[in-house]
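Inside the fold
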Amino acid sequence: MYIREAPASFRDPGYKEVIKRFVEAAGQPVERPCESCSRPQGSGEYCSRPCAHAAQALSSEPQRYPIEPNVLPLVFSFARLHYLQPCWSCEGHNDGRGQLWKLPQVWFYTCSSCYAHLVGKFLWEMKTSKLLSYEWRVNLCAFGDPGCATYIIEPARLPDDAELRKLQLDLEVMGRCCEAGITAVAYRLLLE
């Protein structure tokens, strides 16, 4: 089935400006993506994904619910991107019989649907480039702050034999690639 383009009246006339802001912000260094970072402000020390403090520092309830290790790289990378704010995550879990029970997910806030679109295009490119084991999607979430949209990154159409470890490896790959990958998608959209 052919999907028609959206009518001009549906398009945000300022979407290229919104994407341009994303690209400009992506080029700016983020000294401390974790608000409660123990590194001294202005020390010149920049955080990295393997930071020993990130799992607690990125969590709103650090003692009870530190960010789980397999989803931490993606949550950390989102925290570094200025317009994608992670707000909930799960690395996925098997039940007592070893069957997939909870799917891995990352929820994030953003001020523009354009930014969620960038994430969706990035995930699609990762899958079509065969960098991911499974297809992932971005969905609008009905929970969260009503003043800004909340989106979910989650697996799409999983086969019956889907494996948690492969899903978690996908999370790790996304975490390593998303800052550069989402920014590259934004650059290409600006050139269209």
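Since this is a predicted model, take the numbers as computed values, not measurements. (Residues numbered from 1 in each chain as written. Predicted model: local features only at pLDDT ≥ 70, side-chain atom pairs only at ≥ 80, totals over all residues. Heavy atoms only, no water.)

1. A look at the packing of aromatic side chains
Keep this limit in mind: Pairing of aromatic rings covers Phe, Tyr and the six-membered ring of Trp, with a centre-to-centre limit of 6.5 Å; geometry is then stacked below 30 degrees between planes, edge-to-face above 60, and tilted otherwise. Helix and strand definitions here come from DSSP, where helices need a minimum of 4 consecutive H or I residues and strands a minimum of 2 consecutive E residues; each element is numbered from the N-terminal end. Relative accessible area decides the class of each residue, using a 1.4 Å probe on protein chains only: under 20% of the type maximum gives buried, over 50% gives exposed, and in between gives partly exposed.
By the definition in use, this model includes 6 aromatic pairs. Seen from their ring centres, F22 and Y115 are 5.5 Å apart, and the 35 degrees between their planes marks the pair as tilted. Pair noted here: F22 is in helix α1 (residues 15–26) and Y115 is in helix α4 (residues 113–128), with a separation of 93 residues, a long-range link. Using a relative accessible area of 0% as the deciding quantity, one classes Y115 as buried. Geometrically, the ring pair formed by Y83 and Y115 is stacked, given 4.9 Å between the ring centres and 25 degrees between the ring planes. Within this pair, whereas Y83 is found in the loop between α3 (72–80) and β1 (85–90), its partner Y115 is found in helix α4, the two being separated by 32 residues in sequence. By way of ring pairs, the aromatic residues F22, Y83 and Y115 are connected into one cluster.

2. Concerning the layout of surface pockets
The criterion, for reference: Here a cavity means grid points, on a 1 Å grid over the protein atoms only, where a 1.4 Å probe fits yet cannot get out; a pocket means an open set of points with protein on both sides within 12 Å along at least five of seven lines; lining residues are those with an atom within 4 Å of a point. Grid points are joined across faces, edges and corners, and a volume is the space filled by probe spheres set on the points. Under the convention adopted here, Pro, Cys and the residues Ala, Val, Leu, Ile, Met, Phe, Trp and Tyr are nonpolar, Asp, Glu, Lys and Arg are charged, and Gly plus all remaining residues are polar.
Estimated volume of the second largest pocket: approximately 290 Å³. R11, D12, Y15, I19, S113, C114, H117, K121, L189 and E192 together form the lining of the second largest pocket. Counting residues per element, the lining of the second largest pocket draws most heavily on α4, which supplies 4 residues. Of the residues assigned to the lining of the second largest pocket, the class counts are 4 nonpolar, 2 polar and 4 charged.

3. A look at the side chain of E91
Counted only if it meets this: Residues scored as positive are Lys and Arg, those scored as negative are Asp and Glu, and His as well as the terminal groups of each chain are ignored. For this analysis, a salt bridge means a side-chain nitrogen from Lys or Arg found within 4 Å of a carboxyl oxygen belonging to Asp or Glu. In this description, contact between two residues means that some pair of their heavy atoms is separated by no more than 4.5 Å.
Looking at where E91 falls in the secondary structure, it is placed in the loop between β1 and β2 (93–94). One buried charged residue, E91, forms no salt bridge at all, with the nearest opposite charge on R165 at 7.0 Å. In contact with E91, other than residues within four places in its own chain, are E68, P69, N70, V71, P104, L164, Q168 and L171.

4. Digging into the side chain of T150
Spelled out, the test is: Polar contact is the term for a pair of N or O atoms within 3.5 Å; when the atoms are in protein, one must be able to donate a hydrogen and the other to accept it, and sequence-neighboring residues count only if both atoms are side-chain atoms.
In this fold, T150 is placed in strand β6 (residues 149–155). Engagement of the side chain of T150 in a polar contact is seen with the backbone oxygen of F143, the distance being 3.2 Å. Among residues more than four places away in sequence, those in contact with T150 are C87, W107, F108, Y109, N139, L140, C141, F143, G144 and D145.

5. Comments concerning the packing of α4 against helix α5 (residues 164–191)
As a reminder, the rule being used: The axes used here are C-alpha line fits, helices contributing only the stretch in contact, and every angle between their N-to-C directions lies in the interval 0 to 180 degrees. In a left-handed crossing the near helix is turned counterclockwise from the far helix by less than a right angle, and in a right-handed crossing that turn is clockwise.
Contact geometry of α4 with α5 gives a least axis separation of 9 Å together with a crossing angle of 115 degrees. Of the two elements, α4 crosses α5, and the hand of that crossing is right-handed. Contacts between α4 and α5 pair H117, L118, V119, K121, F122, L123, E125 and M126 from the former with V173, M174, C177, C178, G181, I182, V185, A186, R188 and L189 from the latter. The residue makeup of the contact of α4 with α5, split by class, is 13 nonpolar, 2 polar and 3 charged.

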